[in-house]
Amino acid sequence: MNKAQPDISQGRPGGALSDSDAGQPGLARAEITFAVNGAAVSVNVPPLRRLSSVLRDELLLTGTKVGCDAGDCGACTVLVDGDPVCACLMPAASAAGASVTTVEGLANGRLSALQASFLAHGAAQCGICTPGLLVAATALLDKKARPSEIEVQDALGGVLCRCTGYRKIVAAVMDASAQAASLDFRLPRSGHAIGSSPIRLDGVPKVTGGEKFGGDSFPADALAVLVIRSPHYHASFAFGDLDGWAKARPGIAGIFTAADIPGKNCFGVIGPFADQPALAEGLARFRGEAVALVAGEREAMLDLDLSDFPIRWTELPHLLQPCEAQAEGAALIHANRPANLLTKGFVERGDPETALADAAVTVTGAIETAYVEHAYIEPEAGHAYMDGDMLVVVACTQAPYMDRDDTAKVLGLPVDKVRIVPTATGGGFGSKLDVSLQPLIGLVAMRTGRPAALAYTRNESMMSTTKRHPAQMQATIGADAEGHVTGMIFSGDFNTGAYASWGPTVANPVPVHASGPYATPNYRAEGRAVHTHGPISGAFRGFGVPQATIMQETLYDELAGKLGIDRLDFRLRNCLRNGSETVTGQRLESGVGIAECLDALRPHWARAVADADAFNSANVDKKRGVGIASCWYGCGNTSLPNPSTIRVGIAASGEIILHQGAVDIGQGSNTVITQICADALGLPLERFRLKNADTAITPDAGKTSASRQTFVTGKAAEKAGRALREKILRFANVSEKASLQLEGPAIVIREGEAVRRVDLGTLEADIHGFVFRAEETYDPPTLPLDAKGQGKPYAVYGYGAQIAELEVDLKLGTVKLVKITAAHDVGKAINPLLVEGQIEGGIAQGIGMALMEEYIPGRTENLHDYLIPTIGDVPPIETILIEVPDPEGPFGAKGLGEHVLIPTAPAILNAIRHATGITITKVPATPTRIRAAIREKEACQ
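Residues numbered from 1 in each chain as written. Predicted model: local features only at pLDDT ≥ 70, side-chain atom pairs only at ≥ 80, totals over all residues. Heavy atoms only, no water.

Asker: Tell me what's going on with the overall build of the protein, and back it up with residues and numbers.
Answerer: Broken down by element type, the protein carries 24 helices and 35 strands. The C-alpha atoms of the protein give a radius of gyration of 28 Å, which matches the 30 Å a tight globule of 941 residues would have. Principal axes of the C-alpha set define a box for the protein whose edges measure 85 × 80 × 60 Å. Summarising the internal contacts of the protein: among those between residues at least 6 apart in sequence, 78% fall at separations of at least 24. Looking at charge distribution, the protein has the averaged site of its 85 positive side-chain charges lying 2 Å from that of its 104 negative ones. (Helix = DSSP H or I, 4+ residues; strand = E, 2+ residues; numbered from the N terminus. Rg over C-alpha atoms; globule rule 2.2 N^0.38 Å. Contact = heavy atoms within 4.5 Å. Lys, Arg positive; Asp, Glu negative; His and termini not counted. Charge placed at Lys NZ, Arg CZ, Asp CG, Glu CD.)

Next comes the structure, spelled out in structure tokens:
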């Protein structure tokens, strides 16, 4: 009999479990007095309680964030007597008599110069790490007003950020001394919002600690919830005496299993493939799968020991690799999926075999990529409660309407009896598209009638949530003697793990994109999503395209070398242009900007190659390399409906209310979509007020994924703004040339010498409180793919290219990045500062994928063993914004979020090859793998 293992079964009940408290029933309390933000406080808590828990749960200073409870992420950094410390590592007793400063204490009624600088530089994106960074930087600036970049990196090296790429953070700290303490918040004048970079509309709470994330607003009377999870990749299980175990422990309100689920115990983001139970029923298919819930009073749960929870496990054989899962005679993970194949995507055009046979030059390669963890700094968190017969779930998410539908199905409720209220989301990158705790806390709230709260631990988050698909890929590409690509064949197996999640949307887009943004007349590509007992693989910034691009772009370098053609010139020779047809037969009439991106990189490429040549002639043990890679990415769902709806209206007070249901996870959609609507309407941005995503209030703007919000929801906002403008103009009986102006609770319409003033208070308001209102929907025009993958999968594509410069230590195998230059075609930069931030953040994640990030179940389930880039790992980044407008996008804009990560890893791998002559066949390119490849090359010489 195996017991549930404490390290994988205990969450943070109500967000407050302190590992130093756990398993110590009846801990004595003590009165501890100290100062917080200049005020004396006294708390009665166990002396070993974490200072972070005391600040958040006792003093309600939730600006101090909890990302790991292990001192790895630095999100909980506070000042103790002026020195930065991780509050999660400090016992409350150690703070006795000390002076503690949290992010809430930095402002003193007005923004500090540093906080203002963060806003001015766009250094806060999702905002979850921002308090820790601000506090750590404050300690530095108190000692040195004008620090160097190295000093900033040293001071902030212990605080992780997953969104920004750090470069704007460094700039904000270095510029803080020159920044006025009260930022000028003037917004662009009417009609000029697009193309400007106003302070993000949701920025101030991010820098003051006022932003409320999933774990920041739990009701005081909420039951705390813990999740029992499988310690095995594959196991059957049976429960013992659950009632007896619960009755023997005071404060336990109930234990809940699959037998308590009133609806269909199955969820999934793509209906026909939905296959995951909210709580497993007798069989666990992956390590970390939820099997039961324990709910109880917060204080009782803090001391609860789950090591003797009554469950018996029987470990079963498991399959972790696609080759094992597809081997003849392999056991089926799901009985209805032969050969453990979830699905496959396929695109074929022309005759690739003949093209390759006739090619002057061909290259063939194989590459394997690893699991990549999303590693957002905010673990999943939320609470649920009953509002009459309505279940309300307040949680971090990227897809509120999808959450609503899945939660309602699992809990047997009509969809109109489930309300999802998204909190601020501390990073998502795809993983927070899938439901996680929503049906679990909903079940407890329904069954007990009490609010229920749960915040995942870092270990729990990394173990149970989705990853980037590991891929095993092979490809052959051929070209004629003039250097024109004539044919390509690609094949890839993508490890989709135990359940479907977004596996179909990886298998299908990969064949569409695996050619890269290049004309490929003869082509065949197949992507297969294969089930294993590994972690569930889902959406992660690019849906499999980053993996496929590594295969294609590294082979392009090899092909250019065989042909004796400069690597950038080779790409320009083959890139798509206006009038080109893609591998799906889609004719791109206009808006194709990849050539402009590559052309913009020409002078940087020439300079970088010359620098590398000079460096290499002077050095023996270190060599410099330069790599280039391109990308393209279709914005939105692949050949599927993809609508967004926006509602905007003017209230009698003169405020413009934008019902904006697109969840902002840091990318800036709250600001960008409002900028688009403002210029379409012709009224100033400063008069807009947002009603953020809430399934009971805002129309469905679709999920925040697939680089769709600026393009799709932005287009809906443009349409809604124009429609509202048209209604006002018709009311005033003037032409479209008229201008609008708000003067208090009145709107003034001017056309030539004619002026009309409308007192809004005299007009009748509708059910939403609007005197003028418009609601518009946009769904991109796409066409289904036929049996050979021919059709129009996307209405708009974005393009980009990047150069990576680096040095490789030939003796150690280590890589030092020198610079990355990125040119991206965004159609129209609605907000250039936010665009730059997205590019820098995506590049940082691409660096991690290329060089260090490798999730290994059971070994790298924390932010100490799983390495993501720190502030010292991201080199200077030069961003070149290319604007080739697409007529389909709002004001010509294209999506960007995923594109920016795609070329980074292959550019780095190509630079490593340029520096060393080695080809990396398993990513990430760790020092061990680089050194092994160098030794193998030396042995063959």
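Asker: So what's going on with empty space enclosed by the protein? Which residues, and what values?
Answerer: Applying the stated criterion across every chain, the model contains 13 cavities of 30 Å³ or more. Estimated volume of the largest cavity: approximately 540 Å³. If you trace the largest cavity, you find 35 residues lining it, with Q667, S707, Q838, L896 and G897 closest to the centre. Those elements giving two or more residues to the lining of the largest cavity turn out to be α20 (669–681), α21 (709–732) and α22 (832–851). Among the elements that line the lining of the largest cavity, the one with the most residues is α22, at three residues. The class makeup of the residues in the lining of the largest cavity is 14 nonpolar, 16 polar and five charged. Residue lining of the second largest cavity: 23 residues in total, with F267, Q276, V435, S436 and S464 positioned closest to the centre. (1 Å grid on protein atoms, 1.4 Å probe; cavity = no way out; pocket = protein on both sides within 12 Å on 5 of 7 lines; lining within 4 Å. Points joined across faces, edges and corners; volume = space filled by probe spheres on them. Nonpolar A, V, L, I, M, F, W, Y, C, P; charged D, E, K, R; others polar.)

Asker: Got a sec to walk through the sheet that holds strand β30 (residues 754–759)? Specific residues and values, please.
Answerer: Read across the sheet, three strands follow the order β28-β29-β30 without closing on themselves; strand pairing throughout is antiparallel. Only two strands of the sheet have a single neighbouring strand rather than two, namely β28 (739–743) and β30. Taken pair by pair, the neighbouring strands of this sheet meet at an average axis angle of 20 degrees, ignoring direction. Alignment of strand β29 (residues 746–751) against β30, held across six bridges, turns out to be antiparallel. Bridge pairing links E751 to A754 in β30. Strands β28, β29 and β30 of the sheet are contacted by α21, whose axis makes an angle of about 75 degrees with β29. (Pairing = 2+ DSSP bridges. Axes fitted to C-alpha atoms, helices over the stretch in contact; angles between N-to-C directions.)

Asker: Any details on the pattern of salt bridges? Residues and values, ideally.
Answerer: Counted under the stated rule, the structure contains 56 salt bridges. Ionic pairing is found between E299 and R29, a salt bridge with its closest N-O pair at 2.7 Å. Placement of E299 in helix α9 (residues 298–302) and of R29 in the loop between β1 (12–13) and β2 (30–36) is noted, with a sequence separation of 270 residues between them. (Salt bridge = Lys/Arg side-chain N within 4 Å of Asp/Glu carboxyl O.)

Asker: Now, about the pairing of strand β33 (residues 815–825): what can you tell me, with residues and values included?
Answerer: For a regular strand, the rule is simple: side chains alternate between the two faces of the sheet. Counting buried residues in β33 gives eight out of eleven residues, a clear majority hidden from the surface. By the bridge criterion, ten bridges tie strand β32 (residues 797–809) to β33 in an arrangement that is antiparallel. Considered in β33, the bridge of A804 is made with I820. Counting the residues that bridge the hairpin from β32 to β33 gives five residues, and of these G813 lies at a positive phi of roughly 80 degrees. Taken together, the six bridges between β33 and strand β34 (residues 877–882) define a ladder with parallel strand orientation. By the bridge assignment for β34, D825 is matched with I882. Read from β33 through α22 to β34, the crossover connection turns out right-handed. (Buried < 20%, exposed > 50% of the residue type's maximum accessible area, 1.4 Å probe, protein only. Right-handed = clockwise from strand over helix to strand, strands pointing away.)

Asker: Which residues make up the packing of helix α17 (residues 545–563) against helix α23 (residues 904–916), and what values go with them?
Answerer: Two quantities define a packed helix pair, namely the angle between the axes and the distance from one axis to the other. With their axes 9 Å apart at the nearest point, α17 and α23 run at an angle of 35 degrees to one another. In this structure, the crossing between α17 and α23 has a hand that is right-handed. In this structure, α17 contributes T549, I550, E553, T554, D557 and E558 to the contact, and α23 contributes A905, P906, L909, N910 and R913. Looking at the contact of α17 with α23, its residues break down into four nonpolar, three polar and four charged. (Left-handed = near helix turned anticlockwise from the far one by under 90°.)

Asker: Can you explain the sheet that holds strand β23 (residues 522–531)? Please cite residues and give values.
Answerer: The strand order across the open sheet built from six strands is β13-β23-β22-β21-β14-β35, with neighbouring strands paired in mixed fashion. Of all the strands in the sheet, just β13 (341–349) and β35 (922–923) have a single pairing partner and so form its edges. Of the pairings in the sheet, the one linking strand β14 (residues 361–369) to strand β21 (residues 471–479) comprises nine bridges and is antiparallel in character. Looking across to β21, one finds that A366 is bridged to Q474.

Asker: Before we move on, could you go through the confidence of the model for the protein and cite the residues and values that matter?
Answerer: It should be kept in mind that the predicted coordinates are not to be read in detail where pLDDT is low. Confidence in the prediction of the protein, expressed as mean pLDDT, is 95, and 96% of residues score 70 or more. Contacts from residues 1–10, a stretch scored under 50 in pLDDT, to residues over four places away or in other chains number 37 contacts. Per-residue pLDDT stays below 50 along residues 15–26; that stretch engages in 35 contacts with residues further than four places along the chain or on separate chains. (pLDDT = per-residue confidence, 0-100.)

Asker: Tell me about the packing of helix α12 (residues 400–411) against helix α13 (residues 438–448), and please be specific about residues and values.
Answerer: Packing of α12 against α13 leaves a shortest axis separation of 9 Å and a crossing angle of 50 degrees. On the basis of the axis angle, α12 is oblique to α13. Our pair here, α12 against α13, has a crossing hand that is right-handed. Contact with α12, carried on its side by D403, T407, V410 and L411, involves Q438, P439, G442, L443 and M446 of α13 and no other residues of that element. (Parallel < 35°, antiparallel > 145°, perpendicular 65-115°, else oblique.)

Asker: Describe the side chain of S707, naming the residues involved and giving the relevant values.
Answerer: As for its position among the elements, S707 is in the loop between β27 (688–692) and α21. If near-sequence neighbours (up to four positions away) are discounted, S707 is found in contact with Y633, C635, G895, L896, G897, E898 and H899.

Asker: Which residues make up helix α3 (residues 113–121), and what values do they have?
Answerer: Within α3, the full set of buried residues consists of L114, Q115, A116, S117, F118 and L119. Looking at the packing, one finds that the buried side of α3 touches α4 (130–143), α6 (167–175) and α7 (203–208).

Asker: Which residues make up the pairing of β14, and what are the values?
Answerer: Here β14 shows a buried face lined by V361, V363, G365, I367 and T369 and an unburied face lined by T362, T364, A366 and E368. With two bridges joining them, β14 and β35 adopt parallel strand pairing. When the bridges of β35 are listed, E368 appears paired with K922.

Asker: Before we move on, can you summarise the side chain of D275 with the specific residues and values?
Answerer: Here D275 shows up in the loop between β9 (252–256) and β10 (283–284). At 2.5 Å, the side chain of D275 forms a polar contact with the side chain of R337. D275 has contacts with C266, F267, H334, R337, Y499, A500 and H531, leaving out every residue within four places of it along the chain. (Polar contact = N/O pair within 3.5 Å; in protein donor to acceptor, adjacent residues only side chain to side chain.)

Asker: Describe the packing of aromatic side chains, naming the residues involved and giving the relevant values.
Answerer: Taken as a whole and judged by the stated rule, the model has 13 aromatic pairs. The interplanar angle of 85 degrees and the centroid separation of 6.4 Å between the aromatic rings of Y371 and Y855 together place this pair among those described as edge-to-face. Of the two residues, Y371 sits in the loop between β14 and β15 (372–373) while Y855 sits in the loop between α22 and β34, which places them 484 residues apart along the sequence. Measuring from centroid to centroid gives 4.9 Å for W632 and Y797, while their planes differ by 15 degrees, and the two rings are stacked. Residue W632 is located in strand β24 (residues 622–634), and its partner Y797 is located in strand β32; the two are separated by 165 residues in the primary sequence. Clustering of aromatic rings is evident, with ring pairs tying together F237, F239, W245, F309 and W313. Between K467 and the ring centre of Y855, over which it is positioned, the NZ or CZ distance is 4.8 Å. Sitting above the plane of the F615 ring, R624 keeps its charged end 4.8 Å from the centroid. (Phe/Tyr/Trp six-rings, centres within 6.5 Å; stacked < 30°, edge-to-face > 60°. Lys NZ or Arg CZ within 6 Å of the ring centre and 35° of its normal.)

Asker: Give a detailed account of the state of the cysteines, specifying residues and quantitative values.
Answerer: Evaluated as defined, the whole model comprises zero disulfides. With no disulfide of its own, C86 lies closest to C76 among cysteine sulfurs, the gap being 4.5 Å. (Disulfide = S-S within 2.5 Å.)

Asker: How would you summarise the environment of D83 if you had to cite specific residues and measurements?
Answerer: Along the chain, D83 falls in strand β5 (residues 83–86). Since its relative accessible area comes to 40%, D83 is described here as partly exposed. Put simply, D83 and H824 are 741 residues apart on the chain and 41 Å apart in space, counted from C-alpha to C-alpha.

Asker: I'd love a proper account of the nonpolar core, names of residues and values included.
Answerer: In this structure, F118, L156, V173, F490, L559, I908 and I912 are the most contacted members of the largest nonpolar core, which totals 159 residues. Filtering out sequence-adjacent residues up to four positions away, L559 remains in contact with V361, T362, V363, I477, G478, A479, V485 and F570. Core analysis: the second largest hydrophobic core is formed by 45 residues, I656, A662, F711 and A723 among them. (Core = buried A, V, L, I, M, F, W, Y, C linked by side-chain atoms within 4.5 Å.)

Asker: So what's going on with the environment of A395? Which residues, and what values?
Answerer: Examined against the element boundaries, A395 turns out to sit in strand β17 (residues 390–395). Through-space distance from the C-alpha of A395 to that of A381 is 5.9 Å; in sequence the pair is 14 residues apart.

Asker: Quick rundown of α21? Include the residues and the values.
Answerer: For α21, with 24 residues, the first-to-last C-alpha span of 33 Å sits near the 34 Å given by 1.5 Å per residue. Here α21 lies mainly inside the structure; 17 of its 24 residues are buried. (Expected span 1.5 Å × (residues − 1).)

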